[in-house]
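Spelled out from the first residue to the last, the chains are:
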Amino acid sequence: MTAPSSPTAPDRPAADADERLPERTEVVVVGGGQAGVAMSEHLASRGIAHVVLERDRIAEAWRTRRWDSLVANGPAWHDRFPGMPIPGAGPDDFVAKDDVAAYFTAYVEEFGLPVVTGVEVLRVTRNAEGPGFTVATSAGTVEARYVVAATGPFQVPVIPALIPADGPVAQLHSHDYRNPGQLAPGGILVVGAGSSGVQIAAELRAAGREVALSVGPHDRPPRRYRDRDFVWWLGVLNKWDAATPPVGASHVTIAVSGADGGRTVDFRELADAGITLLGRTTGYRDGVVTVADDLRRTIARGDENYLSLLREADAYVERNGLDLPEEPEAHLIGADPACVAEPLSELDLAAAGITTVIWATGYTVDYSWLEADAFTPDGRPDHLRGVSREPGVYFLGLPWQSRRGSSFIWGVWHDAKHIAEHIATQRSYLDYRPSTAGLTTAGLETRA
């Protein structure tokens, strides 16, 4: 991928790119993660010549840019591509990160996909004369008519500019967290309570560390309900296919975890385990973090999101006459713990023994290598279902690219299919030749 390397990333693998890098092809796919592999499969199935360029190894982010104990957030029957199950995994297993990376590597081998590793894309420019683009790489140049940016949304870690870099605590992004042993002695403040923040906070607490967790707005689905995983419920209730996030939200954080066999995230349980819950982190001064007065409301909204899904699931069961076991206890919400009932408005880091802050605050994108009229003023892709406003440029793997599930493994596979079909249609236009009579029309036929 073309995102900046993590400090912990290994040296790039030696590439035999001189032999494998074509001088020209129809499509260059940038990025060899789940998005790039999905794109390659759909292009290959349509006979469209292409190459996938990956600067490291296939699915490198899963290997070295996640914490050690990470597992997939969805069960193996769901978080995979349709063409091949995950080797050695039961359908309801939550697959470890290294096994996810191995799956994509095996997928490339199984389908003979043209992925070239160890090659970094440096610059993509539209040709001034003639169609297509020139793709400059660390191993030479490639001419292509179409370019797919499949580097995904998790490119540049975002750390809010609140605590100075030379402040009294060590700071790192969840991107660079690996395990409790890498952190200095002392307590930890985890900022952000999506999947990453919740799992990291729970792991640190289980390791005996004092932990505070700053909680922001989130969806909180049940891990399982009435003998079905939440991914099943979001599927049958058509929630994965929602086309846009809620008004005012560009991204919806989902507090869900596959750790320890998969458990419903319950912030009250985290508090009972000794984690201090805080509202959103809003500022910092003289060793003191300021906290928004929103924790009770945030927890209550998460509860309502959870309960509303249970109610919809119950109605679906009744409407469809399904024989699924009732689970009335899942509807019970416990009392607020003290840290929620009487939330802190500030946290004195030294007094609380906090020596490390982990920012689980998401990522931004970096497309500086792509010189095209394909972006909004703030540098984000300007597209419709991955089809850029710049002809010939496509994006893949973005959150909400076409639906809520777009950034998930199975969702990116479906988005890649749409882009491959669009490219095939564009090729059919270019293949059009007027009849000798000059008065007939030609239908468009995408190539199978």
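Each value, and the rule that gives it
- Residues numbered from 1 in each chain as written.
- Predicted model: local features only at pLDDT ≥ 70, side-chain atom pairs only at ≥ 80, totals over all residues.
- Heavy atoms only, no water.
- pLDDT = per-residue confidence, 0-100.
- Contact = heavy atoms within 4.5 Å.
- Pairing = 2+ DSSP bridges.
- Helix = DSSP H or I, 4+ residues; strand = E, 2+ residues; numbered from the N terminus.
- Axes fitted to C-alpha atoms, helices over the stretch in contact; angles between N-to-C directions.
- Buried < 20%, exposed > 50% of the residue type's maximum accessible area, 1.4 Å probe, protein only.

Quick notes on the confidence of the model for the protein
Here comes step 1: Put simply, the protein has an average pLDDT of 91, and 91% of its residues get 70 or more.
Here comes step 2: Low confidence marks residues 1-18, where pLDDT is under 50. Its contacts with residues over four positions away, or in another chain, come to 47 contacts.
Here comes step 3: Between residues 439-444, whose pLDDT stays under 50, and residues either more than four places distant or in other chains, the model counts 6 contacts.

Digging into the sheet that holds strand 17 (residues 354-359)
Here comes step 1: Across the sheet, 5 strands lie side by side as 8-17-9-10-13; this open sheet has parallel pairing. Because the sheet does not close on itself, it has two edges, and the strands there are strand 8 (170-173) and strand 13 (276-278). Across this sheet, the average inter-strand angle for adjacent strands is 20°, counted without regard to direction.
Here comes step 2: As judged from the 4 bridges shared by strand 8 and strand 17, these two strands associate in the parallel manner. Residue pairing across strands places glutamine 171 opposite valine 357, the latter belonging to strand 17.
Here comes step 3: Helix 5 (residues 195-206) rests against strand 9 (187-191), strand 10 (211-214) and strand 17 of the sheet, and its axis sits at about 170° to strand 10.

Structural notes on the pairing of strand 15 (residues 288-291)
Here comes step 1: Here 4 bridges tie strand 14 (residues 281-285) to strand 15, and the two strands are oriented antiparallel to one another. When the sheet's bridge partners are listed, threonine 281 is paired in strand 15 with valine 291.
Here comes step 2: As consecutive antiparallel partners, strand 14 and strand 15 are separated by 2 residues, and within that stretch aspartate 286 has a phi angle of approximately 50°, a positive value.
Here comes step 3: Where strand 15 and strand 16 (residues 346-348) come together, 3 bridges link them in antiparallel fashion. Directly across from valine 289, in strand 16, lies its bridge partner leucine 347.

Points about the environment of isoleucine 159
Here comes step 1: Of note, isoleucine 159 is situated in the loop between strand 7 (156-157) and strand 8.
Here comes step 2: When its relative accessible area of 40% is taken as the criterion, isoleucine 159 is described as partly exposed.
Here comes step 3: Each C-alpha atom, one on isoleucine 159 and one on alanine 360, is 8.4 Å from the other, the two residues being 201 residues apart in sequence.
Here comes step 4: The contacts of isoleucine 159, once residues within four sequence positions are left out, are Gln171, Leu172, His173, Trp359 and Thr361.

Remarks on the environment of histidine 175
Here comes step 1: Relative to the helices and strands, histidine 175 is located in the loop between strand 8 and strand 9.
Here comes step 2: Put simply, histidine 175 and valine 158 are 17 residues apart on the chain and 9.5 Å apart in space, counted from C-alpha to C-alpha.

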